[in-house]
Protein chains: 2
Amino acid sequence: MNINSPIGIFDSGLGGLSVLRQFIRFLPNENYVYLGDTARVPYGNKSKDIIQRYAIECANFLIQKDVKMIVIACNTVSSLAIESVIESAKSIPVVGMIKPGSHAALRSTKNGKIGIIGTRATISSKAYKLEIEALNQNKSIEVNSQPCPLFVPLVEEGLLNSEATRQIAYNYLQSFKDCDIDTLILGCTHYPLLANIIHDILPGVNLIDSGEHAAVNSLRLLAERNLLKDDSNIFVEQPKIDFFVTDLPQNFHKQAISFLGFEVEKPELVELG
Amino acid sequence: MNINSPIGIFDSGLGGLSVLRQFIRFLPNENYVYLGDTARVPYGNKSKDIIQRYAIECANFLIQKDVKMIVIACNTVSSLAIESVIESAKSIPVVGMIKPGSHAALRSTKNGKIGIIGTRATISSKAYKLEIEALNQNKSIEVNSQPCPLFVPLVEEGLLNSEATRQIAYNYLQSFKDCDIDTLILGCTHYPLLANIIHDILPGVNLIDSGEHAAVNSLRLLAERNLLKDDSNIFVEQPKIDFFVTDLPQNFHKQAISFLGFEVEKPELVELG
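Residue positions are given per chain, counting from 1 as you read along its sequence in written order. To label them, take the chains in the order written and letter them from A, then take the ligands in the order written and number them from 1. This being a predicted model, a pLDDT of at least 70 is required before a residue's local features are given, and a value of 80 or more before pairs of side-chain atoms are given or counted; all residues contribute to the totals for chains, interfaces and linings. Based on all heavy atoms of the structure, the side-chain values leave hydrogens and waters out of the count.

K.L.:
Would you take a moment to explain the overall build of chain A for this structure?
P.N.:
Assigned secondary structure in chain A consists of 12 helices and 10 strands. The C-alpha radius of gyration of chain A comes to 18 Å, within 12% of the 19 Å expected for a compact globule of 273 residues. Taking the intrachain contacts of chain A between residues at least 6 apart in sequence as the baseline, contacts between residues at least 24 apart amount to 76%. Elements are defined by DSSP. Helices are runs of H or I of four residues or more, strands are runs of E of two residues or more, and each kind is numbered from the N terminus. Using C-alpha atoms as the atom set, the radius of gyration is obtained and then compared with a globule rule of 2.2 Å times the number of residues to the power 0.38. Should any heavy atoms of two residues lie within 4.5 Å, those residues are counted as being in contact.

Below, the structure is given as structure tokens:
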């Protein structure tokens, strides 16, 4: 791997596109390899053993693509299998979602009351809660968590503004009103797409997009290792992204264009494991 | 200067706090010196000669504080006097608002139609327009600019949600509806505070906060020069910020706390020039 190697990003499906979008925002001049494990999505309701096995397979695929960094876009994998990915990656730096999101939440909160939403697996793992407690040195912090298992399928179906989604979100988020949080971690890559609805239900609460902070952390990490491409003479055009999926490439292609807002190459269908 | 030297930020007044906030968001572990030239605010309706003289005086003040970087938070100074600041700064890196904001706008736009709002001086200088044209290599780009001279005094008076502000914003922004922009550069540090109102008037338009991108650019620049403080063992607490103003320190202190959301040291009154 070298400066011109791509940044590798993997996710269980298309949710990781919200993370990719943040990377493009801050690192537009880099090349990317994106792997969506659409044949086995969603990961959020599966066991730790299975998630670890899938994560290692995804990481190995990216390593073979000679990536200079592995980004675990999936919060569930970041919660349950980051150690396995780090072990597979050897000298390649690995960035997950939990640490950047936890940092940002601690910096954001004024009243010390932080909410976390995520898949069942992410919330059960207590990964965000434990990370926040480990990072916290001084503040009195209260963490409240809520799994939102229907958000992923609702987003995958494109119901971003429907009354049904609003109703379900209202039910999920109601408890946060009572405990007076001022900061909410969107602990799943799909959730930034529901930010408007969440904002309406919890006005004044600062929403943390872990993907945004993971992108900035990665920028720092790569810059410190002299692994960032030169951007002094940047050409402003679409970044180069190679997409790979394990199922339904046409479907993914359509959703990626709609999500990123520009034309991208067709994803290549690959088999993992 | 060394790794532990502070990052210096200057502005004509308190608008630069929106830039400082973005720096704290992405570089919470750094020390900061913030200079607000409140005795001579606003810069936006003054001549180029005067703005250059004031800018050099502000930069020299920060240089005496042994800063490792100078951030020109003020868009008007960034437009008209960045070369003078670079000359004064010698080997100290200087970051302004125009280049990061222009980059971000070019990356954001899909239809090639970019709007810019700023003070009269910023808009007359055409700094954003020229930078966008210089950076642009391929796209067909149309740039529309609109000075919004009342926004600064309205924000300084705290009228962030008033009906009057909404009405004035509506009049300023109306022309952008006709030319169908998809991206708007908030080309003045005060304007991110009016983002909600602007968003209501121009729904679906991506608002570019130049301060956010200046912060990320600075992170990169410092990381590449090995000038970032270690954050591997970050303590999550308030960052250390020394404030200096040229007039009305009590007033600034109150507004800084309300704006940043945490208690800060009282600013020290200083004389420039």
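Anyway, onward from the coordinates.
K.L.:
Got a minute to help me understand the packing of helix 5 (residues 98-108) of chain B against helix 7 (residues 127-135) of chain B in this structure?
P.N.:
The relative placement of two packed helices comes down to the angle between their axes together with the axis-to-axis distance. Residue and element names in this part refer to chain B. For helices, the axis comes from a line fit to the C-alpha atoms of the stretch in contact; other axes are also lines fit to C-alpha atoms, and the angle between any two N-to-C directions lies between 0 and 180 degrees. Their axes nearest at 9 Å, the elements helix 5 and helix 7 cross at an angle of 55°. Relative to helix 7, the element helix 5 is oriented oblique. Handedness of the helix 5/helix 7 crossing: right-handed. Residues Ile98, Lys99, Gly101, Ser102, His103 and Leu106 of helix 5 touch helix 7, and the partners they reach there are Ala127, Tyr128, Glu131, Ile132 and Leu135. Note that the term roughly parallel is reserved for angles under 35 degrees, roughly antiparallel for angles over 145, roughly perpendicular for angles of 65 to 115, and oblique for everything else. The sense of a crossing depends on the near helix, which, turned anticlockwise from the far helix by less than a right angle, makes the crossing left-handed and, turned clockwise, makes it right-handed.

K.L.:
Honestly, the packing of helix 1 (residues 17-26) of chain A against helix 12 (residues 249-260) of chain A in this entry has me stumped. Any pointers?
P.N.:
All names here are of chain A. Packing of helix 1 against helix 12 leaves a shortest axis separation of 10 Å and a crossing angle of 45°. Here helix 1 lies oblique to helix 12, going by the angle between them. As for the relative orientation of helix 1 and helix 12, their crossing is right-handed in sense. Across the interface between the two elements, Leu17, Ser18, Leu20, Arg21 and Ile24 of helix 1 pack against Phe252, Gln255, Ala256, Phe259 and Leu260 of helix 12. We call Asp, Glu, Lys and Arg charged. Ala, Val, Leu, Ile, Met, Phe, Trp, Tyr, Cys and Pro are nonpolar, and the rest, Gly among them, are polar. Considered class by class, the residues forming the contact of helix 1 with helix 12 number 7 nonpolar, 2 polar and 1 charged.

K.L.:
So what exactly am I meant to see when it comes to the pairing of strand 9 (residues 241-245) of chain B here?
P.N.:
Sheet faces and side chains relate simply in a regular strand, where the side chains alternate between the two faces. Residues and elements named next belong to chain B. We call a residue buried when its accessible area falls under 20% of the maximum for its residue type, exposed when it is over 50%, and partly exposed in between, using a 1.4 Å probe and counting protein chains only. Across the 5 residues of strand 9, 4 count as buried, placing the element largely inside the fold. Pairing analysis gives 5 bridges linking strand 2 (residues 32-36) to strand 9, with the strands arranged parallel. Note on strand 9: the bridge partner recorded for tyrosine 32 is isoleucine 241. One requirement defines pairing of two strands: DSSP has to find at least two bridges between them. Direction of pairing for strand 9 relative to strand 10 (residues 268-269): parallel, over a ladder of 2 bridges. Directly across from valine 245, in strand 10, lies its bridge partner leucine 269. In this region the chain leaves strand 9, passes through helix 12 (residues 249-260) and returns to the parallel neighbour strand 10; the handedness of that crossover is right-handed. Think of it like this: strands point away, you trace from the first strand over the helix to the second, and a clockwise trace means the crossover is right-handed.

K.L.:
Quick question: what am I supposed to make of the relation of the copies chain A and chain B here?
P.N.:
One copy of the chain maps onto the other through a rotation about an axis followed by a shift along the same axis. Superposing chain A onto chain B takes a rotation of 180° plus a shift of 0.0 Å along the axis, which leaves an RMSD of 0.0 Å. With respect to symmetry, the two chain copies, as superposed, fit the operation of a two-fold axis. A shared binding surface is used by both copies, with 100% of the interface residues of chain A retained as interface residues in chain B. What sets the superposition is a least-squares fit of C-alpha atoms, and only residues with pLDDT of at least 70 in both copies go into it.

K.L.:
Sorry if this is basic, but what is going on with the sheet that holds strand 9 (residues 241-245) of chain A here?
P.N.:
Hydrogen bonds between backbone atoms are what pair the strands of a sheet, whose relative direction is either parallel or antiparallel. All names here are of chain A. The 6 strands lie next to each other as 4-3-1-2-9-10, forming an open sheet whose pairing is parallel. Whereas interior strands pair on both sides, the edge strands pair on one side only; in this sheet they are strand 4 (94-95) and strand 10 (268-269). Along the sheet face, helix 2 (residues 48-64) touches strand 1 (7-11), strand 2 (32-36), strand 3 (69-72) and strand 9 and points at about 155° away from the line of strand 1. Helix-sheet contacts for helix 12 involve strand 2, strand 9 and strand 10, and the interaxial angle to strand 9 is about 140°.

K.L.:
Teacher, can you tell me more about the sheet that holds strand 2 of chain B here?
P.N.:
All names here are of chain B. Pairing is parallel across the open sheet formed by 6 strands, whose spatial order is 4-3-1-2-9-10. Among the strands making up the open sheet, the edge pair consists of strand 4 (94-95) and strand 10. As paired strands, strand 1 (residues 7-11) and strand 3 (residues 69-72) are joined by 4 bridges and run parallel to one another. Considered in strand 3, the bridge of phenylalanine 10 is made with isoleucine 72. Where helix 12 meets the sheet, it contacts strand 2, strand 9 and strand 10, and its direction lies at approximately 140° from that of strand 9.

K.L.:
Teacher, can you tell me more about the side chain of threonine 38 of chain B here?
P.N.:
Residues and elements named next belong to chain B. Inspection of the secondary structure assignment puts threonine 38 in the loop between strand 2 and helix 2 (48-64). The definition of a polar contact used here is a pair of N or O atoms within 3.5 Å, where within protein one atom must be able to donate a hydrogen and the other to accept one, and adjacent residues in sequence count solely through side-chain atom pairs. Within polar-contact distance, the side chain of threonine 38 engages the backbone oxygen of aspartate 247 at 2.7 Å. Once you skip the residues sitting within four places of it in the chain, threonine 38 turns out to touch Ser12, Gly13, Val245, Thr246, Asp247 and Phe252.

K.L.:
How do you make sense of the interface of chain A and chain B when you look at a structure like this?
P.N.:
One frequent convention defines the size of an interface as the accessible area lost when the parts assemble. The interface of chain A with chain B comprises 31 residues on the first partner and 31 residues on the second. In short, buried area is how much 1.4 Å probe accessible area vanishes from two parts on joining, totalled over both. For the pair chain A and chain B, the summed buried surface comes to about 2,800 Å²; carbon and sulfur atoms form 57% of the total. Here a salt bridge means any side-chain nitrogen of Lys or Arg lying within 4 Å of a carboxyl oxygen belonging to Asp or Glu. Joining chain A to chain B, the criterion identifies 2 salt bridges. The tally of links from chain A across to chain B stands at 6 residue pairs in polar contact (both at pLDDT 80 or more). Looking at the side of chain A that touches chain B, the elements that each hand over two or more residues are helix 1, helix 5 (98-108) and helix 11 (210-224) of chain A.

K.L.:
Looking at this structure, I do not really get the environment of glycine 44 of chain B. What am I missing?
P.N.:
Residues and elements named next belong to chain B. Following the sequence through the fold, glycine 44 ends up in the loop between strand 2 and helix 2. Taking the C-alpha atoms as reference points, glycine 44 and alanine 223, 179 residues apart in sequence, are found 32 Å from one another. If sequence neighbours within four positions are ignored, glycine 44 has contacts with Thr76, Thr119, Arg120 and Ala121.

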